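Here are the chains, one letter per residue:
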Amino acid sequence: MSTDRRYGMRIATELHKFWYRATNGLVGSNMFGAKVLLLATTGRKSGRRFTTPLTYYEEGDKIVLIASNAGAETDPNWWRNLKAQPNATVQIGRTHKDVVAEAAVGAERDRLWAAVTARYPTYLSYATKTSRAIPVVVLRPRIDPA
């Protein structure tokens with residue numbers, strides 16, 4: 001990806017996060033028919049908080065994310081951060097939820113991949129661009145011990 005395109009994507013992402021937060025998701029929670037949330041993770045190296053707008057799929061109390069990185073050969077940073085520190089926060093509209101992340105595996109991964117790609121077929125084209133198996137990430141409500 002060119003430097004100019006990367007810079008443009010960074011600006012677009014920052015604007016998306018700004019308007020999503022400022023309007024509690026009234027602006028930015030739906031992009032071309034895809035539901036969008038804000039995922040806040042802890043940097044695996046820096047310990048800083050990073051927020052990423054992502055499309056998602058809901059199944060009961062689970063939130064499903066696809067770590068496609070637009071078909072790149074590497075996992076997206078947000079997934080690399082979650083593998084190191086699975087506790088995160090999501091904002092869906094005005095609601096904030098504490099979650100814990102894990103990779104779906106086996107039959108669960110296959111079932112969720114099929115459900116998500118039926119809703120968002122763009123992920124199928126991303127899968128043809130990479131040799132890696134694109135992770136299906138499940139966010140479950142985090143329940144802290146009392």
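Reading guide: rules and limits
- Residues numbered from 1 in each chain as written.
- Predicted model: local features only at pLDDT ≥ 70, side-chain atom pairs only at ≥ 80, totals over all residues.
- Heavy atoms only, no water.
- Helix = DSSP H or I, 4+ residues; strand = E, 2+ residues; numbered from the N terminus.
- Buried < 20%, exposed > 50% of the residue type's maximum accessible area, 1.4 Å probe, protein only.
- Phe/Tyr/Trp six-rings, centres within 6.5 Å; stacked < 30°, edge-to-face > 60°.
- pLDDT = per-residue confidence, 0-100.
- Salt bridge = Lys/Arg side-chain N within 4 Å of Asp/Glu carboxyl O.
- Core = buried A, V, L, I, M, F, W, Y, C linked by side-chain atoms within 4.5 Å.
- Contact = heavy atoms within 4.5 Å.
- Pairing = 2+ DSSP bridges.
- Expected span 1.5 Å × (residues − 1).
- Arc of directions from axis to C-beta.

## Notes on the environment of Ala133
Here is step 1 of the chain: Note on placement: Ala133 falls in the loop between α4 (122–128) and β8 (136–141).
Here is step 2 of the chain: Of the residues examined, Ala133 reaches a relative accessible area of 62% and is grouped as exposed.
Here is step 3 of the chain: Each C-alpha atom, one on Ala133 and one on Gly28, is 29 Å from the other, the two residues being 105 residues apart in sequence.

## A word on the packing of aromatic side chains
Here is step 1 of the chain: The full count for this structure, using the stated rule, is 3 aromatic pairs.
Here is step 2 of the chain: Where Tyr123 meets Tyr126, the ring centres are 6.0 Å apart and the plane angle is 70°; that geometry is what we call edge-to-face. Note that Tyr123 and Tyr126 are positioned in helix α4 at a spacing of 3 residues, about one turn of the helix.
Here is step 3 of the chain: Residue class for Tyr123 comes out buried when judged on its relative accessible area of 10%.
Here is step 4 of the chain: Aromatic ring contacts, followed pair by pair, group Tyr120, Tyr123 and Tyr126 into a single cluster.

## Things to note about the confidence of the model for the protein
Here is step 1 of the chain: Counting all residues, the mean pLDDT for the protein is 93, and 97% of those residues have values of 70 or more.
Here is step 2 of the chain: The least confident element of the protein, judged by mean pLDDT, is helix α1 (residues 3–22) at 85; the most confident is β8 at 98.

## A few points about the pattern of salt bridges
Here is step 1 of the chain: By the definition in use, this model includes 10 salt bridges.
Here is step 2 of the chain: Where Lys83 meets Asp75, a salt bridge forms, and the shortest distance between an N and an O atom there is 3.1 Å.
Here is step 3 of the chain: With relative accessibility at 17%, the residue Asp75 sits in the buried group.
Here is step 4 of the chain: Here Glu102 makes a salt bridge to Arg140, at a shortest N to O gap of 2.4 Å. Of this pair, Glu102 sits in strand β7 (residues 95–103) while Arg140 sits in strand β8; the two residues are 38 residues apart in sequence, bridging distant segments of the chain.
Here is step 5 of the chain: By sharing partners, the salt bridges in this structure join Glu59, Lys62, Glu102, Glu108, Arg111 and Arg140 into a single network.

## Notes on the nonpolar core
Generally speaking, a soluble globular protein has its nonpolar side chains buried in company with each other.
Here is step 1 of the chain: Leu37, Leu39, Leu65, Trp78, Leu82, Val137 and Leu139 are the most contacted members of the largest nonpolar core, which totals 17 residues.
Here is step 2 of the chain: For this core, the secondary structure elements donating two or more residues are β2 (34–42), β5 (62–66), α2 (77–84), β6 (87–92), β7 and β8.
Here is step 3 of the chain: Each residue touching Leu82, except ones within four places of it in the same chain, is listed here: Leu39, Thr41, Ala88, Ala101, Val137 and Leu139.
Here is step 4 of the chain: If you look at the next biggest cluster of nonpolar residues, it comprises 12 residues, including Ala34, Trp113, Ile134 and Val138.

## Thoughts on the pairing of β7
Here is step 1 of the chain: Examined bridge by bridge, β6 and β7 share 6 bridges and lie antiparallel to one another. Within the sheet, the bridge partner assigned to Gln91 lies in β7 and is His96.

## Some thoughts on α1
Here is step 1 of the chain: The first and last C-alpha atoms of α1 sit 29 Å apart over 20 residues, in line with the 28 Å expected at 1.5 Å per residue.
Here is step 2 of the chain: Regarding α1, the residues found buried are His16, Lys17 and Tyr20. Projected onto a plane normal to the axis of α1, the buried residues spread over an arc of 95° and lie on a single side. With respect to the buried face of α1, the exposed residues turned more than 90 degrees away are Thr3, Asp4 and Tyr7.
Here is step 3 of the chain: Where α1 is buried, its residues touch β1 (30–31), β2, β3 (49–55) and β6.
Here is step 4 of the chain: Looking one or two places after α1, you find Asn24, whose phi comes out positive at around 55°.

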